[in-house]
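# Coordinates in review
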Amino acid sequence: MVRNMKRIGILGGSFNPVHLGHLNIARVAADSFQLDKVLFIPCKVSPFKIGEEPDRVVGESDRLRMIELTIEADPRFELSRIEIDRGGISYSFDTVNAVQKYFPEARLFFIIGSDSLLSLALWHNIDALSNMCEFVTVERPGVNYNDFKTAGLPAKLIESLSNHRVTGKLLDISSTDVRSKLADGESITGMVDPAVEQYIADHQLYRR
């Protein structure tokens with residue numbers, strides 16, 4: 001059967017910095033759901049990180065460049081400036097709405113790590129968002145999928161979360177861990193793309 005409708009994945013986050021765990025999640029989701037494209041969408045201001053210490057968040061140009069360096073080898077992956085250019089607090093509902101306008105005929109898949117399930121009920125306009133896209137949950141180490149609370153989530157989303165789960169050999173890496181190691185002068189080899197590691201060193205990012 002020939003598949004005409006494009007399948008677009010959406011992977012958002014602060015990417016502060018982007019690491020190999022992000023890349024792994026994108027690859028696993030793309031392979032498992034035959035995604036034609038995965039958009040890496042760095043946020044302007046995360047609604048869950050308002051008030052974060054300014055010195056721990058690098059400039060937008062640095063975050064964008066590190067994503068470019070990380071994804072350039074895979075033609076399925078693309079950097080999107082949707083949230084950066086829109087400005088203000090980056091709500092996923094607004095982002096998916098914008099992506100729909102860019103790809104009106106596409107089937108959209110919103111990719112999240114299983115750790116995000118714990119806060120999903122708090123997302124802005126989550127009811128409407130669940131009708132605009134399908135959620136793909138990539139299980140991350142240390143997070144039990146069955147622990148998340150379904151109270152407050154629309155039935156369609158609960159069904160999607162149950163049917164769109166991906167397991168596999170995933171990397172237990174977080175941006176917080178990367179920043180912490182850099183602040184302490186420790187190596188981050190194996191946590192980020194080698195080109196990103198060099199970029200961080202060249203620009204002296206995340207140092208105390």
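Moving on: the overall build of the protein. Helix and strand counts for the protein come out as eight helices and six strands. Seen in sequence order, the protein has helices and strands lined up from the N terminus as β-α-β-α-β-α-α-β-α-β-α-β-α-α. If you take every contact in the protein between residues at least 6 apart in sequence, the share linking residues at least 24 apart comes to 77%. Split by element, the accessible area of the protein, about 10,700 Å² in all, is 48% carbon and sulfur.

This paragraph deals with the sheet that holds strand S2 (residues 37–42). Pairing in this open sheet of six strands is parallel, and the strands run S3-S2-S1-S4-S5-S6 from one edge to the other. Each edge of the sheet is formed by a strand with only one pairing partner; in this case those strands are strand S3 (77–79) and strand S6 (165–166). Relative to strand S5 (residues 134–138), strand S4 (residues 107–113) runs parallel, the two being bridged by five bridges. Counted as the bridge partner of Ile111 is Val136 from S5. Helix H2 (residues 60–71) contacts S2 and S3 of the sheet and is inclined by roughly 165 degrees relative to S3.

Attention now moves to the packing of aromatic side chains. The description of an aromatic ring pair rests on the distance of the ring centres and on the angle between the ring planes. One pass over the structure, following the stated rule, counts six aromatic pairs. Measuring from ring centre to ring centre gives 6.0 Å for Phe33 and Phe109, while their planes differ by 40 degrees; the resulting arrangement is tilted. Of this pair, Phe33 sits in the loop between helix H1 (20–32) and S2 while Phe109 sits in strand S4, and the two are 76 residues apart along the sequence. Across the pair, exposure class does not vary: Phe33 and Phe109 are buried alike.

The next subject is the pairing of S5. Both faces of the sheet carry side chains from a regular strand, because those side chains alternate between them. Extensive coverage of S5 is indicated by the burial of five of its five residues. Side-chain alternation along S5 places Glu134, Val136 and Val138 on one buried face and Phe135 and Thr137 on a second face that is also buried. Sheet topology note: the S5/S6 ladder contains two bridges and is parallel. Note that in S6 the partner of Thr137 across the bridge is Arg165.

Moving on, we come to the nonpolar core. Counting residues in each nonpolar core, the largest one holds 39 residues, and the members touching the most others are Val38, Phe40, Met66, Ile111 and Val138. Of the residues forming this core, the biggest block, six residues, is contributed by H1. With sequence-adjacent residues up to four places away left out, Phe40 is seen in contact with Leu11, Phe15, His22, Ala26, Ile67, Ile71, Phe77, Glu78, Leu79 and Ser80. Membership of the second largest hydrophobic core comes to 24 residues, among which are Ile10, Leu39, Ile82 and Phe110.

Counted by the stated rule, this structure contains eight salt bridges. Between Arg81 and Asp85 there is a salt bridge; the shortest N-O distance is 2.9 Å. On the basis of relative accessibility, which here comes to 53%, the residue Asp85 falls in the exposed class. Across the pair Lys181 and Glu186 runs a salt bridge whose closest N-O atoms are separated by 3.2 Å. On the basis of relative accessibility, which here comes to 29%, the residue Lys181 falls in the partly exposed class. Connected through salt bridges with shared partners, the residues Asp31, Asp74 and Arg76 form a single ionic network.

So, how was this worked out
Residues numbered from 1 in each chain as written. Predicted model: local features only at pLDDT ≥ 70, side-chain atom pairs only at ≥ 80, totals over all residues. Heavy atoms only, no water. Helix = DSSP H or I, 4+ residues; strand = E, 2+ residues; numbered from the N terminus. Contact = heavy atoms within 4.5 Å. Areas by Shrake-Rupley, 256 points an atom, 1.4 Å probe, with all protein chains shown as cover. Pairing = 2+ DSSP bridges. Axes fitted to C-alpha atoms, helices over the stretch in contact; angles between N-to-C directions. Phe/Tyr/Trp six-rings, centres within 6.5 Å; stacked < 30°, edge-to-face > 60°. Buried < 20%, exposed > 50% of the residue type's maximum accessible area, 1.4 Å probe, protein only. Core = buried A, V, L, I, M, F, W, Y, C linked by side-chain atoms within 4.5 Å. Salt bridge = Lys/Arg side-chain N within 4 Å of Asp/Glu carboxyl O.

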